[in-house]
Amino acid sequence: MANLVKNFDPYIVFARNFCVFIFLFFSISVLSQEIKQIEIRGIVVEKKSQTPLPGASVVVTGEENGTLTEVNGAFLIRVK
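Residues numbered from 1 in each chain as written. Predicted model: local features only at pLDDT ≥ 70, side-chain atom pairs only at ≥ 80, totals over all residues. Heavy atoms only, no water.

**Some points on the overall build of the protein chain**
We count it as follows: Every helix listed is a DSSP run of H or I at least four residues long, and every strand listed is a run of E at least two residues long, numbered separately from the N terminus. Burial status follows relative accessibility: with a 1.4 Å probe on protein chains alone, a residue under 20% of its type maximum counts as buried, one over 50% as exposed, and anything between as partly exposed. The criterion used for residue contact is that any of the two residues' heavy atoms lie within 4.5 Å. Only the protein chains shown count as cover for residues, with accessible areas throughout obtained via the Shrake-Rupley method and a probe of 1.4 Å.
Scanning the protein chain for helices and strands turns up two helices and four strands. Element order for the protein chain, N to C, with α for helix and β for strand: α-α-β-β-β-β. A burial count over the protein chain gives 10% of its 80 residues as buried. Relative to all contacts within the protein chain whose residues are 6 or more apart in sequence, the contacts with residues 24 or more apart total 38%. Of the accessible surface of the protein chain, which amounts to about 7100 Å², a share of 66% is contributed by carbon and sulfur atoms.

Right under this line is the structure:
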C-alpha cells in the first residue's frame, strides 16, 4: 500500500483534477444557459371587440429581443 501512494506523480494528479474541473465548469455553464431561457406564448387581442391583432409588436421590458404577432394574434418570445 505504501508503494502505491509513493508512485503517484503530482503532475498527473493535478492534470486529472484540472480536467475534471474544466469539464464541470463548462457543463454547469451550458446547463445554466438552458435553465434561464423562458418561452412566453400568448395572443394579442383588441380590448373592446376581443379580435386578434396581427402584426402587433411584443417586447419584454429590459430585454433586447422582440417579436410580431401572427395573423391570428399569436406570438412566441424566448427570454433569458
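**Some thoughts on unusual backbone geometry**
Phi angles above zero are rare outside glycine, and Q50 is one such case at about 60 degrees. Position of Q50 among the secondary structure elements: in the loop between strand 1 (38-43) and strand 2 (57-59).

**As for the environment of P54**
You can see P54 is positioned in the loop between strand 1 and strand 2. On a C-alpha basis, the gap between P54 and L68 in space is 7.8 Å, while along the polypeptide they are 14 residues apart. Sequence-distant contacts of P54, that is, excluding residues within four places in its chain, are made with T69, E70 and V71.

**A few points about the packing of aromatic side chains**
When we look at a pair of aromatic rings, we describe it by the centre distance and by the angle of the planes. Put simply, the rule is: For Phe, Tyr and Trp, where Trp contributes only its six-membered ring, two rings pair if their centres lie within 6.5 Å, and the inter-plane angle classes them as stacked under 30 degrees, edge-to-face over 60, or tilted in between.
Counting across every chain of the model gives one aromatic pair. Plain terms: the ring middles of F14 and F18 are 6.1 Å apart, the flat faces sit at 20 degrees to each other, and that makes the pair stacked. In this pair, F14 and F18 both sit in helix 2 (residues 10-36), four residues apart, roughly one turn of the helix. Given the relative accessible area of 43%, F18 is considered partly exposed.

**Quick look at the pattern of salt bridges**
Applied cut-off: We count a salt bridge whenever a side-chain nitrogen from Lys or Arg sits within 4 Å of a carboxyl oxygen from Asp or Glu.
Evaluated as defined, the whole model comprises two salt bridges. For R41, the salt bridge goes to E39, with nearest N and O atoms at 3.2 Å. A relative accessible area of 61% means that R41 is categorised as exposed. The class for E39 is partly exposed, based on a relative accessible area of 41%. Connected through shared salt-bridge partners, E39, R41 and R78 make up one network.

**Some details on a nonpolar patch on the surface**
Note the threshold: For patches, a residue must show more than 30% relative accessible area and have no salt bridge; joins then use 9 Å for like charges and 5 Å for nonpolar side chains, namely Val, Leu, Ile, Met, Phe, Trp and Tyr.
A cluster of nonpolar residues, V20, F23, L24 and I28, forms a patch on the protein surface that exposes about 410 Å² of accessible area. With respect to the secondary-structure elements, V20 resides in helix 2. Given the relative accessible area of 43%, V20 is considered partly exposed.

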